[in-house]
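Observations on chain architecture
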Amino acid sequence: MTSSPRRLRQLPSGVHDLFGAPAQQLIDLSTRLRALLARWAYHEVLPPTFEYFDTVMLAFDADFAAEVYRFVDPDGHLLALRPDLTVPVARLVATKLYDQPMPQRLSYVAPVFRFSEPNSHRSCQVWQAGWELIGVASPAADAEVVTLLVAALEEAGLQEFQVNLGHMGFVRATLADTTLNEDARTELLRAVDRKNRKILAQTLDESGVAGPARAVLEALPDLWGGEEVLEKALRLAPNLPAREAIEHLQQVYQLLQSYGIAERVTLDLGEVRGMDYYTGVIFELFAGGSGFSIASGGRYDTLLGRFGAGLPAIGAMIELERVQAVLHHLHGLPTLAPPDALQQQCDHAACLQALLERRRAGEHIELDLHQRPLPALRAEAEQRHIPRVIPCQQERAS
Amino acid sequence: MNDRALVLAMGKGRMVEETLRLWEQLGYDMEPVREALRDRKMIAEAGPFRVLLAKDADVPIYVEQGAADLGITGRDVLRETGADVLVPLLLGTLIPSSRCRLALISPRATRDRNWRLAHNLTIATKYPNVTQEYVDQQGLGAQVIGLSGNVELAPACGMADLIVDIVQSGTTLRENDLVELDTILACEATLIVNRASQKLRPLAIRGLVERLEETERHQVGHKGSEKDGYTV
């Protein structure tokens, strides 16, 4: 079957062109975030767009393969477009930077690629700005990454947003106390995830989970709020690892208070969904105007070990186009800034060199290419809100 | 950011009257919504809600995308759209007419055929995604054709061997000389919630869920509804 001309004018589902003001806004956002990350002593990395499929899948459950774009190189190796940037950065550090002084603070701004069904309304190419803090497992490292996330969203121009902060270790440790098989565990976590208390209770009945573990699982949907949540969780914690997770979170929260950002943070132990590789604190960021979380992250202390260097790590990433959606919601669609001046077209050396000189000095100048007389240029400038018209010097002299 | 009205997406179809009565039972004035329905408007301000009147099949999309904070939708529709939303409550008890099943249906004449041995079946349905999942699960050799209504016509005119459709009383089936072969999904209305709204408006949403739960308890006394045998 030959491709019809119509098909050749279309884009695959899940990708789109960015141009005009939204493109400029995304680039400006990236520039500001990169400057911020540099001030926090993070160094930018540029991992490749694709790597071996098997390398990528070291980090994920087999199910995730359905979301990974795969292709074969001419030698027959199976390759994958990066579905995230945490894994490439982890691989980079574990294979090349493992003997450098720790911590390593690394950042990136780049797109990731995840296939989703055409009717799922999800983008398959997602622009991310993210950072990873590798080599330190302390509450101070966690607090730095969360505080940086808050600083980044403020830098992006968001005023009202909320970070939901939890810890994977609490639920993991609780489930370790039960004898659930894989299927029952999945069903249970699905009920917790979808916040359905009744089905959760029924599932717990059926799987025979009782005692302190059951008390934790039933309390999970309501374990959100301020510091008191952690007190409550400590009382419920069925074993030492669960208690340690909460105590760690308490120390992180105290540091967030010291940073002065605790007001932005909702402690939330009921979130059980996340990347397969998270082991410790996890967080998501929400803002009015987006029906989705706009940033997320967490601690992943076992991931680098899969690449041969057992270093602890934590990271966060922001989905830039979701931030833009919130900015659109707050301020309307962006507009492209007009140039500082519109210069009349002519072929005089003095005029053209003056044009270059002004641009070198930092002015944004558009050169007319329609050979328009001054009145027409002034009308154009007025219509496009360009503050100034630079006439040809000879014409002015005459 | 938390004082705006909760946005509620509701289908204009099958369950609309009973759903409105449920909200009224909870003490909310739904008259603006009835008025909007009469005037064919799409948005109504009703008490603490801004109500979006959508096509039944689209309710989960409005909620998933965050255009609505919450919605009421059938489990069949929810599964068909695959929307990634929270499902804090099943509403079969509170909206009894929403109870039905998605079934695999055959003309009476061919009911005893061994479908597994057929290798080029055609199944017509308004639920192509759920049906395809079922076909794959059961290992049927079948092509699924998506239609937008009157699915019974497809076997009657010879376009499809089987259909997958909602069955409530079974009257339509009998009238068309059709029989149920298998239940694919037990259905009822569900309350669905956008994931971000759950985080940003937890108190408002929990309050609503609790009031619905309480109403349900009053309705069924203390026996509770039977285990439905499925996950959300």
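Residues numbered from 1 in each chain as written. Chains lettered and ligands numbered in written order. Predicted model: local features only at pLDDT ≥ 70, side-chain atom pairs only at ≥ 80, totals over all residues. Heavy atoms only, no water.

**Let's talk about the interface of chain A and chain B**
Put simply, the rule is: We call two residues in contact when some of their heavy atoms are within 4.5 Å. Here's the idea: put two parts together, see how much 1.4 Å probe accessible area each one loses, and the total over both is what we call buried area. For this analysis, a salt bridge means a side-chain nitrogen from Lys or Arg found within 4 Å of a carboxyl oxygen belonging to Asp or Glu.
In this assembly, 30 residues from chain A lie in contact with 34 residues from chain B. Its largest share of buried area at the contact with chain B, chain A owes to A:R194, A:R197 and A:W224, together 21% of the area lost on that side. Seen at the junction of chain A and chain B, the total is seven salt bridges. Among the salt bridges present, the one from B:E213 reaches A:R197, with a minimum N-O distance of 3.4 Å.

**Here we look at the packing of helix α6 (residues 168-176) of chain A against helix α11 (residues 240-259) of chain A**
All names here are of chain A. The cut-off we apply is this: The axes used here are C-alpha line fits, helices contributing only the stretch in contact, and every angle between their N-to-C directions lies in the interval 0 to 180 degrees. The secondary structure listing takes helices from DSSP runs of H or I that are at least 4 residues long and strands from runs of E that are at least 2 residues long, numbered from the N terminus. Roughly parallel covers angles under 35 degrees, roughly antiparallel covers those over 145, roughly perpendicular covers 65 to 115, and oblique covers all other angles. Asp, Glu, Lys and Arg are counted as charged, while Ala, Val, Leu, Ile, Met, Phe, Trp, Tyr, Cys and Pro are counted as nonpolar; the rest, among them Gly, fall into the polar class.
Across the interface, α6 lies against α11 with an axial gap of 8 Å and an inter-helix angle of 170°. Taken as axis vectors, α6 and α11 run roughly antiparallel relative to one another. Along its contact with α6, which presents G169, F170, A173 and T174, the element α11 presents P241, A242, A245 and I246. Of the residues in the contact of α6 with α11, the class split is six nonpolar, two polar and no charged.

**What about unusual backbone geometry?**
Residue and element names in this part refer to chain A. Test applied: For the exposure calls, accessible area comes from a 1.4 Å probe over protein chains only, and a residue counts as buried if that area is under 20% of its type's maximum, exposed if over 50%, partly exposed in between.
In this structure, the amide linkage connecting M102 to the following residue, P103, adopts the cis form with an omega of 0°. With respect to the helices, strands and loops of the structure, P103 is situated in the loop between α4 (86-97) and β5 (104-113). A positive phi angle is found at A41, which is not glycine, with a value near 70°. Within the secondary structure, A41 sits in the loop between α2 (20-39) and β1 (43-44). Using a relative accessible area of 42% as the deciding quantity, one classes A41 as partly exposed. For H385, which is not a glycine, the phi torsion comes out positive at approximately 60°.

**Considerations on the packing of aromatic side chains**
Residue and element names in this part refer to chain A. Definition in use: Stacked, edge-to-face and tilted labels apply to pairs of Phe, Tyr and Trp rings (six-membered ring for Trp) whose centres lie within 6.5 Å, assigned for plane angles under 30 degrees, over 60, and everything in between, in that order. Criterion for a charge above a ring: Arg CZ or Lys NZ at most 6 Å from the ring centre, at most 35 degrees from the ring normal.
Applying the stated criterion across every chain yields a total of nine aromatic pairs over all chains. Between Y277 and Y300, the ring centres sit 5.7 Å apart and the planes meet at 65°, which makes this aromatic pair edge-to-face. Pair noted here: Y277 is in the loop between β9 (265-268) and β10 (281-286) and Y300 is in the loop between β11 (295-299) and α12 (303-306), with a separation of 23 residues, a long-range link. On the accessibility criterion, Y277 (2% relative accessible area) is buried. A connected cluster of aromatic rings, assembled from ring pairs, spans F60, F64, Y277, Y278 and Y300. Here the guanidinium or amino end of R264 rests over the ring plane of F161, the centre of that ring lying 4.0 Å away.

**A closer look at the confidence of the model for chain B**
All names here are of chain B. What counts here: One confidence number per residue, pLDDT, is output by the predictor and ranges from 0 to 100.
Of the residues in chain B, 94% have a pLDDT of 70 or more, and the chain-wide mean is 90. Counted against residues more than four places away or in other chains, residues 222-231, with its pLDDT under 50, gives 20 contacts. For this predicted complex, the interface score ipTM comes out at 0.83, while the overall pTM is 0.89.

**What to know about the nonpolar core**
Residues and elements named next belong to chain A. Where we set the bar: What we call a nonpolar core is a set of buried Ala, Val, Leu, Ile, Met, Phe, Trp, Tyr and Cys residues that are connected through their side-chain atoms within 4.5 Å.
Membership of the largest hydrophobic core comes to 87 residues, with the highest contact counts inside it found for W131, L165, F170, L220, L269 and I318. Per-element accounting of this core gives the leading share, 10 residues, to helix α5 (residues 139-155). Beyond its immediate chain neighbours, meaning those up to four positions away, L220 contacts F170, V171, V192, L269, G270 and V272. Y108, M168, Y300 and A309 belong to the second-largest nonpolar core, a separate cluster that totals 35 residues.

**What to know about α2(A)**
All names here are of chain A. To keep things clear, this is the line we draw: The length a helix should cover is 1.5 Å for every residue beyond the first.
Helix length check: α2, at 20 residues, gives a terminal C-alpha distance of 29 Å against a target of 28 Å (1.5 Å per residue), a fit within 8%. Here α2 has its buried residues at A21, A23, Q25, L26, L29, S30, L33, L36 and L37. On its buried side, α2 packs onto β5, β6 (125-134), α5, β12 (313-319) and α13 (320-331).

**A look at the pairing of strand β8 (residues 142-146) of chain B**
Residues and elements named next belong to chain B. Quick reminder of the rule: When DSSP finds two or more bridges between two strands, those strands count as paired. By convention a crossover is right-handed if, when the strands point away from the viewer, the path from the first strand over the helix to the second runs clockwise.
Pairing of strand β7 (residues 121-125) with β8, which is carried by five bridges, proceeds in the parallel orientation. Within β8, the residue paired with T125 across the bridge is G146. A crossover links β7 with its parallel partner β8, the connecting element being helix α5 (residues 128-138), and its sense is right-handed.

**Digging into the pattern of salt bridges**
Throughout the structure, instances matching the rule amount to 37 salt bridges over all chains. Between B:K199 and A:E271 there is a salt bridge, and its shortest N-O distance comes to 2.7 Å. Of this pair, B:K199 sits in helix α8 (residues 195-200) while A:E271 sits in the loop between β9 and β10, placing the two residues on different chains. A:E271 matches B:K199 in its accessibility class, with the two residues each being buried. Where salt bridges share partners, they join A:R197, A:D222, B:R206, B:E210 and B:E213 into one cluster.

**Topic: the sheet that holds strand β4 (residues 70-74) of chain B**
Think of a sheet as strands paired side by side through backbone hydrogen bonds, with each pair either parallel or antiparallel. All names here are of chain B. Taken in spatial order, the six strands make up an open sheet running β2-β3-β1-β4-β11-β5, and their pairing is mixed. Two strands in the sheet have a free side with no partner beyond their single neighbour: β2 (43-46) and β5 (86-90). Each adjacent strand pair in this sheet contributes to an overall mean axis angle of 25°, direction not counted. Bridge count for strand β1 (residues 6-11) against β4 is three bridges, and the pairing is parallel. Looking at β4, one finds that M10 is bridged to I72. Against the sheet, helix α9 (residues 202-220) touches β1, β3 (49-54), β4, β5 and β11 (189-193), its axis set at about 25° to β5.

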